[in-house]
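Residue-level structural notes
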Amino acid sequence: MKIIIHGGFFSESDQSHEVKVAKQNSLKNIAQKAFEYLQNNSAFDTVAYAVSLLEDDELFNAGIGSQIQSDGVIRMSAAIMDGETQKLSGVINIQDVKNPIFVAKELMKEDDRVLGGNGAKNYASEHGFENFSTEIPQRRKEYEAKLNNGGKGTVGCVAIDKNGKLAVATSTGGKGFEIPGRISDSATVAGNYANSFCAVSCTGVGEDIVSNATSAKIVTRVTDGMSLKNAFIKTFEELKTIDGFAGAIAIDKDGNIYHQDSHPTMVFASFDGENFEVFN
Ligand code: ASP
């Protein structure tokens, strides 16, 4: 049993040392809680649980604390993928729900498993998700500063459970100040992908992650026999050719954990019951 989570990249709003330390501490607590949960739950349930804790923490740009888009509205995206069934479900540009990842998880029961915009919100309301504003004053301040001046930090979790099953979940408030209707990588197979060999979650500039098909490529390479490390190295070399900005976390079927970023500003934590790794 192992778990790795990420808290995205530092945004322009949280470059301070204090925020960095607060994020590291929070990641450590959440990795520990999620690891405890993993003892008696599947990887699939655990990744959703871990991401919901990250969404509830306003330090991170997902759920509460999400970035505001250029028209003043928050739209969030989240996806979950079960490595065993290879099914992905997700929401794109959903408004006013506390935990987009739980709506994404609820959709796993459906044939139509990725919903966007009003459809996603209507589905959430019909399935008992209450109206909830995820805006915090700090994000409004940043938004207003951007309006006057003419802007990242997704969250994700990958876990392997006691039966060796892999799963991944990713949730984002977007890159901030985007054109309404923009679709990030987080609820696509570029940003969130798993099968029975490997599971990967990405953060960074969505357009770069999609252009490089980052998660899907890493998982495919590992499935075809490449080591997790080499799959990362090759995929990040390719990202460089498009001057891409991204980071990723992963676990393979043998329990190897790996992470890499194009710019060393990603925050993440991994835990295997004994050893903690917290970086950046
Ligand atoms: N990938 C997200 C996006 O492009 C942002 C992030 O990871 O911070 O919307």
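Given the structure is predicted, the values throughout are model-derived calculations rather than measurements.

So, how was this worked out
Residues numbered from 1 in each chain as written. Predicted model: local features only at pLDDT ≥ 70, side-chain atom pairs only at ≥ 80, totals over all residues. Heavy atoms only, no water. Buried < 20%, exposed > 50% of the residue type's maximum accessible area, 1.4 Å probe, protein only. Helix = DSSP H or I, 4+ residues; strand = E, 2+ residues; numbered from the N terminus. Pairing = 2+ DSSP bridges. Contact = heavy atoms within 4.5 Å. Expected span 1.5 Å × (residues − 1). Arc of directions from axis to C-beta. Core = buried A, V, L, I, M, F, W, Y, C linked by side-chain atoms within 4.5 Å. Axes fitted to C-alpha atoms, helices over the stretch in contact; angles between N-to-C directions.

Of all 8 residues in strand β1 (residues 2–9), 7 are buried; the element is thus mostly enclosed. Two elements, β1 and strand β5 (residues 155–160), share 5 bridges in a ladder whose sense is antiparallel. Across the sheet, I3 pairs through a bridge with A159, a residue of β5.

Right, let's talk about the environment of Q32 for a bit. The topology assignment puts Q32 in helix α1 (residues 17–38). Q32 sits in the partly exposed class, given a relative accessible area of 33%. As for Q32 and Q69, which are separated by 37 residues in sequence, their C-alpha atoms are 32 Å apart. The contacts of Q32, once residues within four sequence positions are left out, are F271 and F276.

Before going further, it helps to spend a moment on helix α8 (residues 228–241). Relative to the 20 Å expected for 14 residues at 1.5 Å per residue, α8 spans 21 Å between its end C-alpha atoms, a close match to the ideal helical length. Among the residues of α8, those classed as buried are L228, A231, F232, T235, F236 and L239. For α8, the angular spread of the buried residues around the axis is 120°, confining them to a single face. Away from the buried face of α8 by more than 90 degrees, exposed residues K240 and T241 are located. One or two steps after α8, the chain reaches D243, where phi turns positive at roughly 55°.

One finds I3, I5, I80, I94, I101 and V103 to be the most contacted residues of the largest nonpolar core, which totals 44 residues. If one sorts the elements of this core by residue count, helix α2 (residues 43–56) sits on top with 8 residues. For I3, the contacting residues outside a window of four places in its chain are A31, A34, F35, T46, C157, V158, A159, I251, I257, A269, S270 and F271. Counting residues in each nonpolar core, the second largest holds 37 residues, with I209, I218, L228 and A250 among its members.

Within the open sheet, the 4 strands sit side by side as β7-β8-β9-β10. Their pairing is antiparallel. Every other strand in the sheet has two partners, leaving β7 (192–194) and β10 (257–261) as the edge strands with one partner each. Between one strand axis and the next, the sheet turns through 10° on average, direction left out of account. As defined by bridge partners, β7 adjoins strand β8 (residues 198–204) across 3 bridges and the pair is classed as antiparallel.

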